[in-house]
Structure formats: structure tokens, C-alpha cells
Amino acid sequence: MRILLSILLLTLSMTNLLGQSNSTTTKPTDKSFPTNIQEGSEKELDKFDGKIVAFDGTIEKIEKSRNNTPFYKLKIADDNYLWTVLMFKNKSNKIGDKVRVVGYLRPNEPNKDEKKYLDGKYMVIAFGLIDFNKSNFLFLGGAIQQKQEWIDGKIPSGE
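The following paragraphs examine the structure supplied in this document. (Residues numbered from 1 in each chain as written. Predicted model: local features only at pLDDT ≥ 70, side-chain atom pairs only at ≥ 80, totals over all residues. Heavy atoms only, no water.)

## Here we look at the overall build of the protein
The following threshold applies: Secondary structure follows DSSP: runs of H or I at least 4 residues long count as helices, runs of E at least 2 residues long count as strands, and numbering of each begins at the N terminus. Exposure classes here rest on a 1.4 Å probe applied to the protein chains alone. A residue is buried below 20% of its type maximum, exposed above 50%, and partly exposed in between. Residue contacts follow a heavy-atom distance rule, with two residues in contact if any of their heavy atoms lie within 4.5 Å. What sets the accessible areas is the Shrake-Rupley method with a 1.4 Å probe; for residues, cover comes only from the shown protein chains.
If you tally the helices and strands in the protein, you get 3 helices and 6 strands. Per-residue burial for the protein yields a buried fraction of 40% across its 159 residues. Relative to all contacts within the protein whose residues are 6 or more apart in sequence, the contacts with residues 24 or more apart total 57%. For the protein, the exposed surface amounts to about 10000 Å²; the carbon and sulfur share of it is 53%.

What follows is the structure, encoded as C-alpha cells:
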């Protein structure tokens, strides 16, 4: 049992170290951080089911996710919004802030507690967030390739 625990701790430590890269990152340009969701209609969202999306939204409501990270109701169009859970902590953003997020578009599968507020057909599991007004750039440590792709002006790949 101790050997198994030691292996698990070593694996977690290595994963953490590998997620924190000291390599230089290309500086953002005018083409950095593109979006692929423009209108936010259900028809447009259906095309991206299960894929990576990047979009702008205004935080309308904040809940706490299962993993104790923010769960945002983001207004993406006059008549539509996406619930977006972050895979990291964010204490900077509040209701009314405009953010750009990138993550996986998935069908909603709320647990018992989330059913109280999580509605709509889709949700986003976000691995990156930018708030241009607050100069806030947050990204999941293990998504180095996706971070670089987004900085380089591409919608990140799922690899």
C-alpha cells in the first residue's frame, strides 16, 4: 500500500512540475486569442458540440462548481448564455465583467445541486480565460500546447 501511495505522489508531483514550464512563450499579437463563437445561437452551438470553443461573454451570475472553482453564467448574445466552469481558481472577476474564455463545449449534465441553476442545452469546461480590462490571463497549467496555440492566433486543438 505504501509503495502504491508513493507512486501516486510521485506521479502527481511530476505532473505538477511538467505543467509549470519555464519555456518562453510567444508574446501576444493582434491575431492572438481568436474566437469561433460569434452569434451564440443554438444552431451555431450545435456545430461545436464536443469541440473547443472560444468566445466573449459577460458574467451575469457566479456559482461554485463541484471542484470549488467558479461556475459563470456568461451572456454571449442578447438572448443566449452559456454556463462556463473554470478548471482553475479565479478571484479577480465579478458579475458584470467581460471575459473571453476557451474550453470544451459539452451537453449539460448537472448533478443534484447544479440542477437548481444549470439550465440550457450546453455548458463549457474552460481551460483558459482572459479579461482584457483587468489584464487577467489565466490558463490551466497542463494545457501548455493549447495556451501557445491560442496566443499564436489559432483555436486550440484538443490534443
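On we go.
## Topic: the layout of surface pockets
As a reminder of what qualifies: With a 1 Å grid spanning the protein atoms alone, the term cavity applies to any set of points in which a 1.4 Å probe fits but cannot get out, the term pocket to an open set with protein on both sides within 12 Å along at least five of seven lines, and the term lining residue to any residue with an atom within 4 Å of a point. Grid points are joined across faces, edges and corners, and a volume is the space filled by probe spheres set on the points. Polar here means any residue other than Ala, Val, Leu, Ile, Met, Phe, Trp, Tyr, Cys and Pro, which are nonpolar, and Asp, Glu, Lys and Arg, which are charged; Gly is therefore polar.
Of the voids in this model, the largest pocket is the one considered here, and its volume is about 300 Å³. R66, N67, V85, M123 and I125 are the residues nearest the centre of the largest pocket, which is lined by 15 residues in total. Only β3 (80-86), β4 (98-107) and β5 (122-131) provide two or more residues apiece to the lining of the largest pocket. Its residues assigned to classes, the lining of the largest pocket shows 8 nonpolar, 3 polar and 4 charged.

## Here's the deal with the pattern of salt bridges
This is how the line gets drawn: Within this document, salt bridges are pairs made up of a side-chain nitrogen of Lys or Arg and a carboxyl oxygen of Asp or Glu, the two lying within 4 Å of each other.
Under the counting rule described, the total for this entry stands at 7 salt bridges. Taking the shortest distance from any N to any O, the salt bridge between K121 and D46 comes out at 3.0 Å. Pair noted here: K121 is in the loop between β4 and β5 and D46 is in helix α2 (residues 42-47), with a separation of 75 residues, a long-range link. Classification of K121 as partly exposed rests on a relative accessible area of 43%. The partner of R66 in a salt bridge is E114, and the shortest N-O contact between them spans 2.8 Å. Here the residue R66 occupies a position in the loop between β1 (52-64) and β2 (70-77), and E114 occupies one in the loop between β4 and β5, the gap between them amounting to 48 residues. Judged by its relative accessible area of 5%, E114 falls in the buried class.

## A few points about the packing of aromatic side chains
So the rule is basically this: When two rings of Phe, Tyr or Trp (its six-membered ring) have centres within 6.5 Å they constitute a pair, described as stacked for plane angles under 30 degrees, edge-to-face for angles over 60, and tilted for the intermediate range. The rule is short: NZ of Lys or CZ of Arg within 6 Å of the ring centre and within 35 degrees of the ring normal puts a charge over the ring.
Going through the model one piece at a time under the given rule, you end up with 10 aromatic pairs. Ring plane angle 80° and centroid distance 5.2 Å describe the contact between F33 and W150, whose orientation is recorded as edge-to-face. On the criterion of sequence distance, the pair formed by F33 in the loop between α1 (2-19) and α2 and W150 in helix α3 (residues 144-151) is long-range, its members being 117 residues apart. Here the two residues F33 and W150 agree in accessibility, since each one is buried. An aromatic cluster of three or more residues is present, and its members are F33, Y104, F127, F132, F137, F139 and W150. The cationic tip of K73 hangs over the ring face of Y81; the distance from NZ or CZ to the ring centre is 4.1 Å.

## What to know about the environment of G96
Locating G96 in the fold gives a position in the loop between β3 and β4. Assessed through its relative accessible area of 46%, G96 is described here as partly exposed. Through-space distance from the C-alpha of G96 to that of L74 is 9.5 Å; in sequence the pair is 22 residues apart. Beyond its immediate stretch of four places on either side in the chain, G96 contacts T58 and I59.

## With respect to the side chain of D97
Stated precisely, the cut-off is as follows: Under this definition, polar contacts are N or O atom pairs within 3.5 Å; protein pairs additionally need one hydrogen-donor-capable and one acceptor-capable atom, and for neighbouring residues in sequence, both atoms have to be side-chain atoms.
Checked against the element boundaries, D97 lands in the loop between β3 and β4. Here K134 takes part through its side chain, which lies 2.8 Å from a polar atom of the side chain of D97.

## Overview of the environment of E109
For E109, the location among the structural elements is in the loop between β4 and β5. Spatially, the C-alpha atoms of E109 and K121 are 9.2 Å apart, while their sequence positions differ by 12 residues. When neighbours within four sequence positions are excluded, E109 is seen to be in contact with R66 and E114.

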